[in-house]
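Notes for the structure review
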Amino acid sequence: MDPWITVAPGVHQRRYDPLDVSIVVVEGAAALLVVDSRAEPAEAEVLLSDIRERFDKPVRWLVNTHAHYDHTYGNQAFGPGTETDAAIYGHANIARHFAEYEAPRLAAWRADPSREPDRHWNDVRLTPPTHPVDRPVTLDLGGRVVLLRPQPPAHTDTDLVLLVPDVRVWIVGDLVEESGPPMYGSGSFPFGWPDVLDELVAEMQPGDLVVPGHGRVVGPEFVARQAADLHVVAGRFVAAHERGLSTAEGLASQDDWPVPVDYLVSAIDRAYAQLDHAAGPGATASRARVSGAMSAGPAPLTIRVPAIELRELRDRLRRARFTTASGGAHWEAGVDPAYLAGLVAEWADGFDWRRVEERLNLLDHRIAEVDGTRVHFVRASAGPAEGTVVPLLLMHGWPSSFLEMLPLVSALGWEGEMRGIRFELVIPSLPGFLYSELPDEPLTREAMADLLHGLMVGHLGHARYGAFGGDIGGTVAAWIAAKHPDHVMGLYMIHPPFPAVFEEPLSEPEKHMLALEEEFDERDGGYSAIMSTRPDTVAAALADSPAGLLAWIIDKLRDWSDAHGELERRFDRETLLTLATLYWTTRSIGTSFRQYVDYPANRPRPRITVPAGFTLSAEEVIREMPRSVAERSCADVRAWHPATRGGHFMAHEEPELLAGHLSAFFAEVLGID
């Protein structure tokens, strides 16, 4: 039986038996590229003889798909000083792998006086790639190109994938295993492997051919199933570890593992060892995925949306249907359908989430478990290292996120430099938003305040700190200040708090403002009415339609910002689509409604006694608010800035203006000249 199989024109697989390693030969116009070699140098020589008999072209390139123990020993038959003298390409980490693992193993074997002769190891010379690959590379074989791309850590940290574009053949090494369960690597458990496969599947086209390291040629559907199996296994290992189950109990807790249980025994041991190491002695793992590892305290969080989910999102967007406008003027009855259609089209085919994701991951994202509830936050320092430290909690509202506060980081940095203040910023996702969980109790402002105060004091060690917020975040800040005055050095808001009761007599400006509020709520209150009374109904639609979700969000961004009807005066398209993608991929639009549903459970807030400052937003009603309203709630108003510019999302809209007011307020509170 001929061991050579022609996979596609000019691409041939050499299989040694159905379960053994496969070698691939790619034909160029005048020379051959060989993918992988037999492990032993002697076997590699036999392989070369086989290739010479089969093909009338010389070998000019050898590519290592990975280095796994002795997988690359055969390089020496192809490399410098041999008759072939091939250029050897492989992941840039292979040289480190040789130095850290293979060289010590060979040295120990050779130094052992009792060793048995071993043809597998005799005369081995470690031959690392002559062309280490740390970024995508295109090889020109003469009339045909082959693309090489190093992969993130998965099966190993040396995985390399090849694509022959003209025949759509992927050569993936042991990242895919047709002949059995996917290998789980060695050493640590590769939590990132399924995400790497998801990325590959997202780039594949129907009908593509995938040549695995072992077994027969498969298609994208097989790779997707293998990724799904790996996701299941990794997720169950983490869940069992969190529950405190032993490895044996963890395996016994499920009876429908996608791979044979006996194969998983060593895999779960490695997974537990990795989770224990990340969490520290005596701790269990956080539920946040952190580059495949978990952490005990505020754990680092890496935002990584699976490629298959992004592909599904784009598919939904491309199939979106749009209504016709209900009124004659654009935006008269809500989001303009034509504008929405254009934005949806850009979301589907123009928006580069991976670039945004990479930028977001430059931030210090953390997850802390506060009283049993996971809370996500971003940490940042703004101002001189030697400055007076002001821990500052920055809280967003609805339909917003931590993104809104990010422009304040650099703006406060400038202000801090001038005033000698170093702001230690904590920017949370409010409970129910994005990566933060809902607590078991009703989501009142007080409940949110307790969680975030616990984060600041109990987890981050800030005995005294400042609190800032707008919209819901502002009401949470007010509750923190009212309930924990000994820990709050100052409160700052853009929407001054109403008193629990407006006691008579009311001033004329107060009466005017309350009348405006009643009239505004009549025009604008539809969104809150449905989110308060039928949240699950509207959430069902928004959770299933990304176009609908986008419309629901941008309607309020336009109406409530100081955009004067031109949404993109205040929010560029990348920001809009980033916010929508975060809500979509975290499936949190429905949970973000909870604070509307639970609003009746709020009790009257006590009077606020800590120093308070205000910069009024230029929104309807708020811009008309007299100082006396804030003074009904706050005993010590230190700063009052009437509305000039910047709306509901002022931290995003006017970060420099707000940063100037914030820094001046805290400088005054702390007595800094």
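By convention here, each chain's residues receive numbers from 1 onward along its written sequence. Restriction of local features to residues with pLDDT of at least 70 applies here, the model being predicted, together with a cutoff of 80 or more for giving and counting side-chain atom pairs; totals for whole chains, interfaces and linings are based on all residues. Side-chain numbers come from the whole structure's heavy atoms, not from hydrogens or water.

**Side note on helix α1 (residues 41-54)**
With 14 residues, α1 should reach 20 Å at 1.5 Å per residue; the first-to-last C-alpha distance of 20 Å fits that figure. Turning to α1, its buried residues number three or more, namely Pro41, Ala44, Leu47, Leu48, Asp50 and Ile51. Down the axis of α1, the buried set is contained in an arc of 165°. They therefore lie on one face. In α1, those exposed residues whose orientation departs by more than 90 degrees from the buried face are Val46 and Glu53. Residue contacts are counted whenever heavy atoms from the two residues lie within 4.5 Å of one another. Strands are runs of DSSP state E lasting at least two residues, helices are runs of H or I lasting at least four, and both sets are numbered from the N terminus onward. Where the residues of α1 are buried, they touch β1 (4-8), β2 (11-15), β3 (22-27), β4 (32-35) and β5 (59-63). Helix span is expected to be 1.5 Å times the residue number reduced by one. Each residue's exposure class comes from its accessible area (1.4 Å probe, protein chains only) as a fraction of the maximum for that residue type: buried when under 20%, exposed when over 50%, partly exposed otherwise. Each C-beta atom gives one direction from the helix axis, and the arc is the one those directions make.

**Section: helix α16 (residues 546-560)**
Helix length check: α16 (15 residues) gives 21 Å between terminal C-alpha atoms against 21 Å at 1.5 Å per residue, within 8%. Most of α16 is tucked away: 12 of the 15 residues are buried.

**Regarding the nonpolar core**
Judged by nonpolar contacts, the single largest core of 124 residues is most densely connected at Trp398, Leu408, Phe468 and Ile554. With sequence-adjacent residues up to four places away left out, phenylalanine 468 is seen in contact with Leu392, Leu393, Leu394, Met395, Met405, Leu408, Ala477, Tyr492, Met493, Ile494, Leu658 and Leu662. The nonpolar core is taken to be a set of buried Ala, Val, Leu, Ile, Met, Phe, Trp, Tyr and Cys residues, with the residues joined through side-chain atoms within 4.5 Å. The next biggest cluster of nonpolar side chains, apart from the first, holds 24 residues, and it includes Val7, Val63, Val167 and Val211.

**A closer look at the sheet that holds β3**
With respect to topology, 7 strands assemble into an open sheet ordered β1-β2-β3-β4-β5-β6-β7, the strand pairing being mixed. Of all strands in the sheet, those with a lone pairing partner are β1 and β7 (131-133), marking the two edges. Strand-to-strand twist across the sheet, computed as the mean angle between neighbouring axes with direction ignored, equals 25°. Only when DSSP finds a minimum of two bridges between them are two strands counted as paired. Pairing geometry for β2 and β3, over 5 bridges, is antiparallel. The residue of β3 that forms the bridge with arginine 15 is serine 22. Packed on one face of the sheet, α1 meets β1, β2, β3, β4 and β5 and runs near 65° to β1. For helices, the fitted axis covers only the stretch in contact; all axes are lines through C-alpha atoms, and the angles between them, taken along N-to-C directions, range from 0 to 180 degrees.

**Brief notes about the environment of asparagine 64**
Inspection of the secondary structure assignment puts asparagine 64 in the loop between β5 and β6 (87-91). By relative accessible area, asparagine 64 is classed as buried at 1%. It is 6.2 Å that separates the C-alpha atoms of asparagine 64 and valine 35, two residues lying 29 residues apart in sequence. In this view, asparagine 64 contacts Asp36, Thr72, Asn75, Ile88, Tyr89, Gly90, Ile94, Pro129 and Leu160; residues no more than four positions away in its chain are not counted.

**Some words on the packing of aromatic side chains**
In this analysis, rings of Phe, Tyr and Trp, with Trp reduced to its six-membered ring, are considered paired at centre separations within 6.5 Å, and the interplanar angle assigns stacked below 30 degrees, edge-to-face beyond 60, and tilted for intermediate values. Inspection of every chain in the model, using the stated rule, returns 15 aromatic pairs. Both rings, one in phenylalanine 351 and one in tryptophan 353, keep their centres 6.4 Å apart while their planes meet at 50°; by these two values the pair is tilted. Taking 5.7 Å as the distance between ring centres and 10° as the angle between the ring planes, the aromatic pair formed by tryptophan 398 and tyrosine 527 counts as stacked. Of this pair, tryptophan 398 sits in the loop between β16 (388-395) and α10 (406-419) while tyrosine 527 sits in helix α14 (residues 526-533), placing them 129 residues apart in sequence. Residue tyrosine 527 is classed as buried on the basis of its relative accessible area of 16%. Among the aromatic side chains, those forming a connected cluster through ring pairs are Trp398, Tyr527, Trp560, Phe593 and Tyr596. Either the NZ atom of lysine or the CZ atom of arginine qualifies as a charge over a ring when it sits within 6 Å of the ring centre and within 35 degrees of the ring normal. Lying over the aromatic face of tryptophan 257, arginine 236 brings its terminal NZ or CZ to 5.2 Å of the ring centre.

**Section: the sheet that holds strand β11 (residues 169-177)**
The 5 strands lie next to each other as β8-β9-β10-β11-β12, forming an open sheet whose pairing is mixed. Each of the sheet's edge strands pairs with one partner strand only, and the pair in question is β8 (137-140) and β12 (209-214). For this sheet the average axis-to-axis angle between neighbouring strands, irrespective of direction, equals 30°. Two strands pair when backbone bridges link them, and β11 and β12 are joined in this way by 5 bridges, in the parallel orientation. Along β12, the bridge assignment pairs valine 169 with leucine 209. Sheet strands in contact with helix α4 (residues 220-242) are β11 and β12, and its direction is about 25° off that of β11.

**Describing unusual backbone geometry**
A cis amide bond links tryptophan 398 to the next residue, proline 399, at an omega of -5°. Note that proline 399 resides in the loop between β16 and α10. Geometrically, the link from glutamate 504 to proline 505 is a cis peptide bond, its omega value of 0° lying close to zero. Positioned with a positive phi, aspartate 85 is a non-glycine residue whose angle comes to about 50°. As for its placement among the helices and strands, aspartate 85 is situated in the loop between β5 and β6. Phi at tryptophan 331 is positive, roughly 65°, even though this residue is not glycine. Among the secondary structure elements, tryptophan 331 is positioned in the loop between α7 (307-318) and α8 (337-349).

**Considerations on the environment of glutamate 346**
Mapped onto the secondary structure, glutamate 346 falls in helix α8. Assessed through its relative accessible area of 29%, glutamate 346 is described here as partly exposed. Those residues in contact with glutamate 346, other than ones at most four positions away along the chain, are Phe351, Arg573 and Leu577.

**Some thoughts on the environment of alanine 345**
Here alanine 345 is to be found in helix α8. For alanine 345, a relative accessible area of 42% puts it in the partly exposed group. In the structure, alanine 345 is positioned 118 residues away from alanine 463 in sequence and 48 Å away in space, judged by C-alpha atoms.

**Some details on the packing of helix α3 (residues 193-203) against α4**
Interhelical geometry of α3 versus α4 gives an angle of 155° and a closest axis separation of 8 Å. In terms of orientation, α3 and α4 fall into the roughly antiparallel class. Between α3 and α4 lies a crossing of left-handed hand. Contacts between α3 and α4 involve Trp193, Pro194, Asp195, Leu197, Asp198 and Val201 on the former and, on the latter, Pro220, Val223, Ala224, Gln226, Ala227, Leu230 and His231. Oblique is the label for any angle not covered by the other classes, which are roughly parallel (under 35 degrees), roughly antiparallel (over 145) and roughly perpendicular (65 to 115). The crossing is said to be left-handed when, going from far helix to near helix, the turn is anticlockwise and less than a right angle, and right-handed when the turn is clockwise.

**Comments concerning the pairing of β5**
Counting buried residues in β5 gives 4 out of 5 residues, a clear majority hidden from the surface. In this sheet, β5 lies alongside β4 in parallel orientation, the contact comprising 4 bridges. Looking at the pairing, leucine 32 lines up with valine 59 of β5. As paired elements, β5 and β6 share 3 bridges and run parallel to each other. The residue bridging valine 63 from the neighbouring strand is tyrosine 89, located in β6.

**Considering the pattern of salt bridges**
One speaks of a salt bridge when a side-chain nitrogen belonging to Lys or Arg is within 4 Å of a carboxyl oxygen belonging to Asp or Glu. Here the structure, examined in full by the defined rule, presents 46 salt bridges. Note that lysine 57 is salt-bridged to glutamate 27, the shortest N-O span being 3.1 Å. Here lysine 57, found in the loop between α1 and β5, pairs with glutamate 27, found in strand β3; they are 30 residues apart in sequence, far enough to count as distant. The residue arginine 570 makes a salt bridge to glutamate 653 at a minimum N-O spacing of 3.5 Å. With arginine 570 in the loop between α16 and α17 (573-586) and glutamate 653 in helix α21 (residues 650-653), this residue pair connects regions lying 83 residues apart in the sequence. Residue classification places arginine 570 among the buried residues on the basis of a relative accessible area of 16%.

**Concerning the confidence of the model for the protein chain**
Scored from 0 to 100, pLDDT records how confident the predictor is in each individual residue. In the predicted model, the protein chain carries a mean pLDDT of 89, and 93% of its residues have values of at least 70. A low-confidence stretch, residues 279-296 (pLDDT under 50), is modelled with 52 contacts involving residues beyond four sequence positions or located in other chains.

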